[in-house]
Amino acid sequence: MTNHPSARRAAGAGALLAAAALLLAACGGDKYHTSSGATPTTGAAASTLATGTTSRGPVVVDAGGRTLYRFDKDTAGSGTSACTGDCATAWPPALVTGTPTATGVAGTLGTVTRADGATQVTLDGHPLYRFGGDQKPGDTAGDGLGGVWHVVAAGAAPAATSQPSGSRY
């Protein structure tokens, strides 16, 4: 690499652009979409939850097939999420516009309004999240982290966990 100032600026701009892309990906830039099992699309339609198969067994997934999680620090039915700030960056809330629907998922769907005005999906009163460390549909890398994050089993109860704790969230 050259030591020319314009080359250094270009390299710095490229690094900044890459960091911004990673941040958007971790924050859930592809949020909920309209059809279960289909290629995600953008739009304002209601999202669909479904059942997906993972190494943890059948779990609740979003329309893109991404595993959904429950946070033990949330109080079911409180109408709020305890995961904000850095927590919400690492654990993007499952957001929706409209009324969420589900296929093959036991439990009662609902929503809570987050502090920023976004609408987050709930199942039996528990706000739902994705894990920024999951790379593709079927991943369950966040299960058991910190002893407070759990995949949501298709029966609406936490699935068995075997991951070590250690996350500050």
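Residues numbered from 1 in each chain as written. Predicted model: local features only at pLDDT ≥ 70, side-chain atom pairs only at ≥ 80, totals over all residues. Heavy atoms only, no water.

Of all five residues making up strand E6 (residues 119-123), four are buried, and the element is well covered by its neighbours. The turn linking strand E5 (residues 109-113) back onto E6 is made up of five residues, and glycine 117 within it adopts a positive phi angle of 95 degrees. As paired strands, E6 and strand E7 (residues 126-127) are joined by two bridges and run antiparallel to one another. Note that in E7 the partner of leucine 123 across the bridge is histidine 126. What sits between the antiparallel neighbours E6 and E7 is a turn of two residues, in which aspartate 124 has the positive phi angle 50 degrees. (Buried < 20%, exposed > 50% of the residue type's maximum accessible area, 1.4 Å probe, protein only. Helix = DSSP H or I, 4+ residues; strand = E, 2+ residues; numbered from the N terminus. Pairing = 2+ DSSP bridges.)

What follows is about the pattern of salt bridges. Throughout the structure, instances matching the rule amount to four salt bridges. Between arginine 130 and aspartate 62 there is a salt bridge, with its nearest N and O atoms 3.9 Å apart. Pair noted here: arginine 130 is in the loop between E7 and strand E8 (149-151) and aspartate 62 is in the loop between strand E2 (57-61) and strand E3 (69-71), with a separation of 68 residues, a long-range link. Its salt-bridge partner being aspartate 72, residue arginine 70 comes within 2.9 Å of it at the nearest N-O pair. (Salt bridge = Lys/Arg side-chain N within 4 Å of Asp/Glu carboxyl O.)

Time to look at the packing of aromatic side chains. Two measures describe an aromatic ring pair: the distance that separates the ring centres and the angle between the ring planes. Per the counting criterion, the structure on display carries seven aromatic pairs. Plain terms: the ring middles of phenylalanine 71 and tryptophan 149 are 4.2 Å apart, the flat faces sit at 10 degrees to each other, and that makes the pair stacked. With a gap of 78 residues between them, phenylalanine 71 in strand E3 and tryptophan 149 in strand E8 connect regions that are remote in the sequence. The burial state of phenylalanine 71 is the same as that of tryptophan 149; both residues are buried. Ring centres of tryptophan 91 and phenylalanine 131 lie 4.4 Å apart, and the angle between their planes is 35 degrees; on these two criteria the pair is classed as tilted. You can see tryptophan 91 sitting in the loop between helix H2 (86-90) and strand E4 (101-102) and its partner phenylalanine 131 sitting in the loop between E7 and E8, a full 40 residues away along the chain. The pair tryptophan 91 / phenylalanine 131 is uniform in exposure class, with both members buried. Members of the aromatic cluster, connected to one another through ring pairs, are Tyr69, Phe71, Trp91, Tyr129, Phe131 and Trp149. (Phe/Tyr/Trp six-rings, centres within 6.5 Å; stacked < 30°, edge-to-face > 60°.)

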